[in-house]
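Coordinates in review
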Amino acid sequence: MDRRDLGKKIEYLKRRTGEPLKLMEVCGTHTAGIYKSGIRDILSPTIRLISGPGCPVCVTPASYIDKCAEYALAPAHTIMCFGDMLKVPGKDRSLSEVRAEGGRAEMIYSPFEVLERAMSEPKRMFIVAAVGFETTVPAYALLLEELIERKIENVKLLTALKSAVPAIGRICEEDDIADGFLCPGHVSVVTGSAVYEPLAARYGKPFVVAGFEAEHLTNAIFELARLSEIARDRRRDGNLRNADKAHGGLVLNLYGEAVSARGNVRAQSAMRKYFEADSVEWRGLGALDASGFYLREEYLRFDAGSRDLAPDDSMPDGCRCADVVMGRVNPVDCPLFGVSCAPGDARGPCMVSAEGACGIVYENMSAHGE
Amino acid sequence: MKENAKKITQAHGAGGRDSAELMRDVFGKHFSNNILDKLEDGAVLPWNVAARPVVSTDSFVVKPIEFRGGDIGKLSVCGTVNDLLMMGAIPKYLTCGFVLEEGLEIATLERVVASMAATARAAGVLIVAGDTKVIESSAKANEGGGGLLIGASGIGSLRDGATPSASNARPGDAVVVSGNLGDHHACILSARMGIENDIASDCAILRETTDSLLDNGIDVHVMRDVTRGGLGTVLNEIAALSDVTVELSEIDIPVNAGVAAFCGVMGLDPLYMGNEGKMIAIVPKEQAARAVNLMRATDTGRNARVIGEILLPSERDRNLVAMKTKVGGTRRINALFGEGLPRIC
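Time to look at the overall build of chain B. Looking only at helices and strands, chain B has eight helices and 13 strands in total. In summary, chain B has a C-alpha radius of gyration of 21 Å against a globular reference of 20 Å for 345 residues, a match within 12%. Seen through its principal axes, chain B has C-alpha atoms that stretch 65 × 50 × 35 Å. Across the 345 residues that make up chain B, the buried fraction comes to 51%. The long-range share in chain B, meaning contacts at least 24 apart out of those at least 6 apart in sequence, stands at 85%. Here chain B displays about 15100 Å² of accessible surface, and carbon together with sulfur accounts for 50% of that area.

Written as structure tokens, this is what we have:
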């Protein structure tokens, strides 16, 4: 982008007047990028950024962690998970604490690390804690392909794989949460930007896909502010929900170098081969139709009981993570925030993850006077 | 059996004939010097009584043992010697303890020992005492077993009049970094994840760079090597110990393009990545330009630059480390929190 052009957009964002706008960044990586860029400091008070449900760890229910803990403590079983998952509190304890009790939970950087582990210890069952959005589902599809190809039978997946798109739809149903959405960048690489068209058509709100650097974010927030005003006027004119043409131009892809309209078709077909969509429980949002990816029947021998998790929307007393992921409250409005919940000793999942809104706000708080 | 396929067994740690062979053929061969060769229980060191001794100790557990730009042996000397240098000491002597895992190839061990000896020679230090133990392999099978851990201690003599300390940063000082951030960490992570790229560890002795500052009359208030935890963590420690705030400028932070791209893909931040051949010097603002020029004339300081300044403690957040961002906002820089990163040093 032209530096002068960027400069003008920064000026606009600093000085914008008029009706207040609430813009939601769905994805935790965007939340982190926004704080890193310092862009919140320069925004006019009429533009408020709110964080959404876009951290897979934050929306994984406590019962899932408990199930992982059970496996970690079972004889000849090992849980393989990403680092963030170790610290998420279950009902009583985190996997990190389970590990201190002698449970076997190993941190991985890539799901493919399980292949060699499994081959080197064929008598041990390795349970992969498969948590993530569309971004990571294709990797698990490729892992299954390898397991089948190499005839490895001592690996199973405990899946908490979710589609971010229905969650955005759920938030759209509550009209006053956000005026526009900064769509998850990595998810969109897989899904394509066209998946937001039906949402734009139905709710008459803008969806902007963007990258993560300061320039990307500045541009995206500028465009979202502009489109949100247009969309709001259109909704007031009574065009809402009555015609497809009303949403024309409300989906904008600014991340063309990585995201196409149709997305990564090969990744999508790999996903479809091994996984099917069904209802799944989101911490905070409840069960959402067709928002979970489960192993198809013919691959169930690789499943570690992902469909049998107890329905569970439990939260620690007073914890407002559920409202935080919906964008209903700011992290600082939670009574536990910074009092009995902090990154070193988290009560709720949003404080744990590097992409959780509470953790990010806590880490950045004093520099921003929030 | 071919020489290079020989592996470490428990017998090498039992103190008998195999131990003696290992001492003679590997350690003695490379580390030989007048003090070590006496083979006493302790080393008696020549010492100029006027200078105060400075002692530092460190442990090295990096995996892989050998990486682009270095190995655990070179790293153990660099890490220990650099710590002494940061105190304003002239490094003199090193001791080292080797913990070998069964299954380690003796050829690998010898490469590490040779590299350690060469690094020590280049740094002007003598390895005067050592120990070796053999333990069962604790490594996960996918890491290949046969690991090697090193503990090292160093002794140096404090330079006359030098008193750099992490509690000496003063408002009005400039923060100078000796070069690009994140190389070592990105190199180790790449190796561990099987990612092929050209990123090499910056593992190096910083003596030339520290000498250039201290020999030329720069009033160095603080020196710190920017190792584990990265620049963000080091500056938070200094801010707290000196009771000041620090303000960095994002556009001035030097990062190699390849490392920046790697960090972008991996979601890592060079501010929190470990280095093994980078330091910061905090000096009076009036001397900053000269300090940068002096550092740039050395191999380990070629990309030195001023990256920020020291300010009075702020009212709201006494020892804040903050960074002016490219879009004109402010970002808080915290110390690195928690785990999640592999062992890199």
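Picking up where we left off.
The next subject is the side chain of S115(B). Take S115(B): it is sitting in helix α3 (residues 106-123). Excluding its chain neighbours within four sequence positions, the residues that come into contact with S115(B) are D71(B), G73(B) and K74(B).

Attention shifts here to the packing of aromatic side chains. Throughout the structure, instances matching the rule amount to nine aromatic pairs over all chains. Ring geometry for F27(B) and F98(B): centres 4.8 Å apart, planes at 65 degrees, overall edge-to-face. Here F98(B) lies in strand β4 (residues 89-101) and F27(B) lies in helix α1 (residues 17-31), a separation of 71 residues in the sequence. We classify F27(B) as buried; its relative accessible area is 6%. Here F98(B) falls in the buried class, since its relative accessible area comes to 1%. Joined through ring pairs, the aromatic side chains of F181(A), Y196(A) and F207(A) make up one cluster. Above the ring of Y294(A), the side-chain terminus of R307(A) is found at 4.2 Å from the ring centroid.

Let us look at the pairing of strand β7 (residues 173-177) of chain B. All names here are of chain B. Across the five residues of β7, five count as buried, placing the element largely inside the fold. A two-sided burial pattern is seen for β7, the buried positions comprising D173, V175 and V177 on one face and A174 and V176 on the other. Both β7 and strand β11 (residues 305-311) contribute to a ladder of four bridges, which runs antiparallel. Residue pairing across strands places V176 opposite V306, the latter belonging to β11.

What follows covers the confidence of the model for chain B. Confidence in the prediction of chain B, expressed as mean pLDDT, is 91, and 94% of residues score 70 or more. If you check the scores for this complex, the pTM reads 0.82 and the ipTM reads 0.71.

Residues and elements named next belong to chain A. Taken together, five strands build an open sheet; the order of strands is β2-β1-β7-β8-β9 and the sheet is parallel. Edge strands, defined here as strands with exactly one partner in the open sheet, are β2 (47-54) and β9 (251-253). Across the sheet, the mean angle separating the axes of adjacent strands is 20 degrees when strand polarity is ignored. For strand β8 (residues 207-209) and β9, the ladder comprises three bridges, and the chain directions are parallel. In the strand pairing of β9, F207 is matched with V251. Most of the contacts of helix α2 (residues 28-37) go to strand β1 (residues 21-27), to which it runs at about 120 degrees, and overall it touches β1, β2 and β7 (180-183). Lying on the sheet, helix α9 (residues 164-173) is in contact with β1, β2, β7 and β8; it crosses β7 at an angle near 165 degrees.

The next point concerns the pattern of salt bridges. A full pass over the atoms with the stated rule returns 39 salt bridges over all chains. The salt bridge partner of R24(B) is D25(B), with a shortest N-O separation of 3.0 Å. Judged by relative accessible area, which is 55%, R24(B) ranks as exposed. Look at D25(B) and you get partly exposed, because its relative accessible area is 36%. A salt bridge links R224(B) to E237(B); the nearest nitrogen and oxygen atoms lie 2.8 Å apart. Of this pair, R224(B) sits in strand β8 (residues 222-225) while E237(B) is found in helix α6 (residues 230-242), placing the two residues 13 residues apart along the sequence. Here the salt bridges do not stand alone but share partners, grouping R104(A), E106(A), R117(A), E121(A) and R124(A) into one network.

Residues and elements named next belong to chain B. Look at helix α4 (residues 183-193) against helix α7 (residues 257-266): their axes get within 10 Å of each other, and the N-to-C directions meet at 55 degrees. The angle between α4 and α7 places the two elements in the oblique class. Between α4 and α7 lies a crossing whose hand is left-handed. Residue-level inspection shows D183, A186, L189, S190 and M193 of α4 in contact with α7, the latter providing V259, F262 and M266. For the contact of α4 with α7, the class distribution of residues is six nonpolar, one polar and one charged.

Basis of the calculations
- Residues numbered from 1 in each chain as written.
- Chains lettered and ligands numbered in written order.
- Predicted model: local features only at pLDDT ≥ 70, side-chain atom pairs only at ≥ 80, totals over all residues.
- Heavy atoms only, no water.
- Helix = DSSP H or I, 4+ residues; strand = E, 2+ residues; numbered from the N terminus.
- Rg over C-alpha atoms; globule rule 2.2 N^0.38 Å.
- Buried < 20%, exposed > 50% of the residue type's maximum accessible area, 1.4 Å probe, protein only.
- Contact = heavy atoms within 4.5 Å.
- Areas by Shrake-Rupley, 256 points an atom, 1.4 Å probe, with all protein chains shown as cover.
- Phe/Tyr/Trp six-rings, centres within 6.5 Å; stacked < 30°, edge-to-face > 60°.
- Lys NZ or Arg CZ within 6 Å of the ring centre and 35° of its normal.
- Pairing = 2+ DSSP bridges.
- pLDDT = per-residue confidence, 0-100.
- Axes fitted to C-alpha atoms, helices over the stretch in contact; angles between N-to-C directions.
- Salt bridge = Lys/Arg side-chain N within 4 Å of Asp/Glu carboxyl O.
- Parallel < 35°, antiparallel > 145°, perpendicular 65-115°, else oblique.
- Left-handed = near helix turned anticlockwise from the far one by under 90°.
- Nonpolar A, V, L, I, M, F, W, Y, C, P; charged D, E, K, R; others polar.

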